[in-house]
Amino acid sequence: MKLRLLHFLLLLLALIAAGCTTGGGLTGDDDDSVSDDDDATDDDDAADDDDAADDDDAADDDDAADDDDAAPTNVAVTEVSPADAATDVFVYDEVLVAFDGEAPDAVVVLMDSSGAAVAGSNTWVTVTKLAFNPDGALLNTEVYTATVTWTNAEAGDSPKSWSFTTSDLGATPSGDDLTGATFALDVTAGTILSPEGGDQFLGQLNTALLLGVTTQTETELSFLGALATDADPPAQDLCSASFDLSEKQATTWNDPLFAAGPADIPQTIPAGQFGDIPLTFRDVEVTGAFVDTSGDGSIDGITNASFFTVIDIRDAGLGVPCAQAALFLPGLVCQACPHDLSVDECIVVWVTDLTGELVPNLTLDVWSQADADAQEGC
């Protein structure tokens, strides 16, 4: 989907591609001048303190005489979310652990009140922030215990455990038939977990994500998605293709909770002088809860929503490896691609705390990229 957060990221990558060489790094760095080190002959110049003559021995990977083999700095946890003893945690919330340095071997495990492990996955959203994302909704009003372990910790710091209790939000079914209803998610009100630094320009966004319910049963929903115009109330942006969030599987529906996706969404992103950039937003997932905000007994909004996707940098065709982009975006994490685990060319885009509202009298149309391309004025 063409969220302007992602548009910003693509433009930045394009600028990197246009203005930088594909060599080993920045020209001003002491590791990329051709005359001193990292040359093709031996990868390290003899005059450098990292040359093969004095370090990288098999015993400890760094010779004791070298200045690169001091004991590693121990890393500590600086913040956890949900906070210890929190009592109002939404059942689709992730568990976050922030460190004061890199702890690449860290792992979070979540247990319910019976001691059973919760299925889920660990994802680095920045180089120092680890997220545990449960595979499904947690139970309402249940006590959970999270434990994080990491090896480069001070003695006694690892493991670290804390507990929290989920709220009752979503525990009471609404009973509403939402078929044909369309909701607009307010992207500007979200919290960007990844990529790092995204919150600096989140307030500049004015794009909403439209979700239209096409079918509903007791256990499943189907969503058609589209981008919104800037009008008030918003309308479907016919310059962009719609997308089916239920293309791989129907949306999980436990009235009033929903989890849509994963879905792969191809889009064409206009990037000014760089032309149109084709991109696929992979494994898109949207979760949240439908709510009655007016108190009249009918669903008219969405709360506690989150948006997650994976971007393969190679899809943009800019010739920029993810590792090079990371030099210009502090905190950017290059991940193994879910569809190609052999390469670290993917980044995670994750926005939480989204809210949405019902758009009266709006039904979304299935709209292809060809329809969008043929639309006058796009």
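Refer to the structure presented above.
Residues numbered from 1 in each chain as written. Predicted model: local features only at pLDDT ≥ 70, side-chain atom pairs only at ≥ 80, totals over all residues. Heavy atoms only, no water.

(A) Looking closely at the pairing of strand β15 (residues 276-291). The element β15 is largely enclosed, with a buried count of twelve among its 16 residues. Judged from the eight bridges that link them, β15 and strand β16 (residues 301-312) form a sheet pairing that is antiparallel. When the bridges of β16 are listed, A289 appears paired with T303. (Buried < 20%, exposed > 50% of the residue type's maximum accessible area, 1.4 Å probe, protein only. Helix = DSSP H or I, 4+ residues; strand = E, 2+ residues; numbered from the N terminus. Pairing = 2+ DSSP bridges.)

(B) Spatial organisation of the environment of T217. Tracing the sequence through the fold places T217 in the loop between β10 (208-216) and β11 (220-227). What makes T217 partly exposed here is its relative accessible area of 44%. Expressed as a C-alpha distance, the spacing of T217 and W253, which sit 36 residues apart in the sequence, is 8.2 Å.

(C) Local environment of the sheet that holds strand β5 (residues 129-134). Within the open sheet, the four strands sit side by side as β1-β2-β5-β4. Their pairing is antiparallel. Two strands in the sheet have a free side with no partner beyond their single neighbour: β1 (77-81) and β4 (120-126). For this sheet, the mean angle separating the axes of adjacent strands, direction not counted, is 20 degrees. (Axes fitted to C-alpha atoms, helices over the stretch in contact; angles between N-to-C directions.)

(D) Examining the layout of surface pockets more closely. Roughly 640 Å³ of volume is contained in the largest pocket. If you go around the largest pocket, you meet 28 residues; those closest to its centre are S121, N133, D283, E285 and F308. Secondary-structure elements contributing two or more residues to the lining of the largest pocket are β4, β5, β14 (257-270), β15, β16 and β17 (346-358). Residue composition of the lining of the largest pocket, grouped by class: 15 nonpolar, ten polar and three charged. Roughly 300 Å³ of internal volume is contained in the second largest pocket. Around the second largest pocket, the lining is made up of 18 residues, and of these S81, P82, E94, L96 and L193 lie nearest the centre. Where the lining of the second largest pocket is concerned, the elements lending two or more residues are β1, β2 (95-99), β9 (191-194) and β17. Residue composition of the lining of the second largest pocket, grouped by class: eight nonpolar, four polar and six charged. (1 Å grid on protein atoms, 1.4 Å probe; cavity = no way out; pocket = protein on both sides within 12 Å on 5 of 7 lines; lining within 4 Å. Points joined across faces, edges and corners; volume = space filled by probe spheres on them. Nonpolar A, V, L, I, M, F, W, Y, C, P; charged D, E, K, R; others polar.)

(E) Just the sheet that holds strand β6 (residues 143-149), in detail. If you walk across this open sheet you meet the three strands as β3-β6-β7, and the pairing is antiparallel. Edge positions in the open sheet fall to β3 (107-111) and β7 (160-165), since each of these has one partner strand only. The sheet shows a mean angle of 20 degrees between the axes of neighbouring strands, direction not considered.

(F) Examining the pattern of salt bridges more closely. Counted according to the given criterion, the structure contains five salt bridges. Members of the salt-bridge network, linked through shared partners, are K248, D264 and D283. (Salt bridge = Lys/Arg side-chain N within 4 Å of Asp/Glu carboxyl O.)

(G) Region of the structure containing the nonpolar core. Membership of the largest hydrophobic core comes to 39 residues, with the highest contact counts inside it found for L185, F223, L245, F258, V286 and F290. Of all the secondary structure elements, the ones that give two or more residues to this core are β8 (182-186), β10, β11, β14, β15, β16, α3 (322-328) and β17. Per-element accounting of this core gives the leading share, six residues, to β15. Among residues more than four places away in sequence, those in contact with F258 are Y92, L221, F223, T251, T252, W253, V286, T287, G288, A289, F290 and I302. Counting 31 residues, the second-largest nonpolar core is a separate cluster that includes V80, V89, F90 and A146. (Core = buried A, V, L, I, M, F, W, Y, C linked by side-chain atoms within 4.5 Å. Contact = heavy atoms within 4.5 Å.)

(H) Here's a closer look at the environment of S167. Following the sequence through the fold, S167 ends up in the loop between β7 and β8. By relative accessible area, S167 is classed as buried at 13%. Once the C-alpha coordinates of S167 and V89 are considered, the two residues, 78 residues apart in sequence, prove to be 5.2 Å apart. Residues within four places of S167 in sequence aside, it is in contact with T87, D88, V89, F90, N140 and T141.

(I) Representation of unusual backbone geometry. For the bond running from S158 to P159, omega is 5 degrees, close enough to zero to count as cis. Note on placement: P159 falls in the loop between β6 and β7. A cis geometry characterises the amide bond from D255 onward to P256, with omega recorded as 10 degrees. Within the secondary structure, P256 is located in the loop between β13 (251-254) and β14. Although it is not a glycine, A85 adopts a positive phi angle of roughly 75 degrees. Take A85: it is sitting in the loop between β1 and β2. On the basis of relative accessible area, A85 is assigned to the exposed category, the value being 57%.

(J) Molecular detail of empty space enclosed by the protein. With the rule as written, the count across this model stands at two cavities of 30 Å³ or more. Taken as a whole, the largest cavity spans an internal volume of roughly 50 Å³. If you trace the largest cavity, you find it lined by Y92, D93, E94, T287, N304, A305, S306, T352 and D353. Counting residues per element, the ones that place at least two in the lining of the largest cavity are β16 and β17.

(K) Structural view of the state of the cysteines. Scanning all chains against the criterion turns up two disulfides. Residue pairing for C322: its cysteine sulfur links by disulfide to C334, the two sulfurs lying 2.2 Å apart. The sign of the -95 degrees torsion about the S-S bond sets the C322-C334 disulfide as left-handed. A residue pair is termed long-range when its members are at least 10 positions apart, and C322 in helix α3 and C334 in the loop between α3 and β17 qualify at twelve residues. Residue C322 is classed as buried on the basis of its relative accessible area, which comes to 0%. The partner cysteine of C337 in its disulfide is C346, sulfur to sulfur 2.2 Å. (Disulfide = S-S within 2.5 Å.)

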